[in-house]
Amino acid sequence: MAKKSMSDKLRNIKEGEIVPVEQKITFNEGEETPGTSAKIEEEITIGPEIDPDAARPKPTPKKNRRGGKAIQAELEKQKELAEGNKEKYTRLLAEFDNMRARNEKENSQMGDKGAMEAIEKILPVIDNLERALENITEEDKTPFEEGVEKIYKQLMDTLKDMGIEPMDAVGGEFDPTYHNAVIHVEDTEVGDNLVVEEMQKGYMFKDQVLRHAMVKVAN
């Protein structure tokens, strides 16, 4: 039976195992002296076997072209979706701003309408105050009448602060937007279509007609 070489023995040794190793001592060159062999035990720890293929560089995997195209297509899809959402958001924001502006205008108009209805009911009282004060001369004024005149002026100042002012129709051209013509007269001393007398004073509330002026128009 042939003896196993050292390399064959090492192949059968398990990793981490301690084994005795027998070495021969040779005194003469090339000749083994009988009876002089010495048994020397050494502790040899066998490490993991090196795989020669492990040192070889692994080939770089090829890129998946189909996967790249799919990702690019998905990115384009998401981009289109984002653009669509942005357009919808911009349109909704514009509609919201328009609706808010309309609501503010409607609320303002409703407030103005309520104020106009209330003040319009006060105008006949102001008319009567003016008629009463017109019939009082400066010489006949009593302290009471002077007090009433002051109250009237205070009332007119308050209405002015609220945006309510009387029209100044006399001497101006007749305009059906602001005037109601109740009398037409022939007067050669004035021009055509001019207001010569105000029968009832008209009033403006901001830029709206609160009450039309009743006027006498010449020619």
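The following refers to the structure shown. (Residues numbered from 1 in each chain as written. Predicted model: local features only at pLDDT ≥ 70, side-chain atom pairs only at ≥ 80, totals over all residues. Heavy atoms only, no water.)

### Describing unusual backbone geometry
The backbone of Asn193 shows a phi angle near 60 degrees, a positive value even though the residue is not glycine. Its place among the elements puts Asn193 in the loop between β2 (179-185) and β3 (194-200). Phi angles above zero are rare outside glycine, and Lys206 is one such case at about 60 degrees. The residue Lys206 is located in the loop between β4 (203-205) and β5 (208-211) in this model. (Helix = DSSP H or I, 4+ residues; strand = E, 2+ residues; numbered from the N terminus.)

### Section: the sheet that holds β4
One open sheet holds the three strands; their spatial order is β1-β4-β5, and the pairing between them is antiparallel. Either end of the sheet is taken by a strand with one partner, and the two such strands are β1 (164-166) and β5. Between one strand axis and the next, the sheet turns by 35 degrees as a mean value, whatever way the strands run. Pairing geometry for β4 and β5, over three bridges, is antiparallel. Across the sheet, residue Phe205 finds its bridge partner in β5, namely Gln208. (Pairing = 2+ DSSP bridges. Axes fitted to C-alpha atoms, helices over the stretch in contact; angles between N-to-C directions.)

### Remarks on the pattern of salt bridges
Going through the model one piece at a time under the given rule, you end up with seven salt bridges. Residue Asp112 pairs with Lys206 through a salt bridge whose shortest N-O separation is 3.3 Å. Note that Asp112 is positioned in helix α2 (residues 65-134) and Lys206 in the loop between β4 and β5, a separation of 94 residues in sequence. Of the charged contacts, one joins Asp127 and Arg211 as a salt bridge, the two residues approaching to 2.9 Å between their closest N and O atoms. Highlighted residues: Asp127 in helix α2 and Arg211 in strand β5, separated in sequence by 84 residues. Through salt bridges with shared partners, one network takes in Glu138, Lys141 and Glu149. (Salt bridge = Lys/Arg side-chain N within 4 Å of Asp/Glu carboxyl O.)

This is a description of form; function is not addressed.
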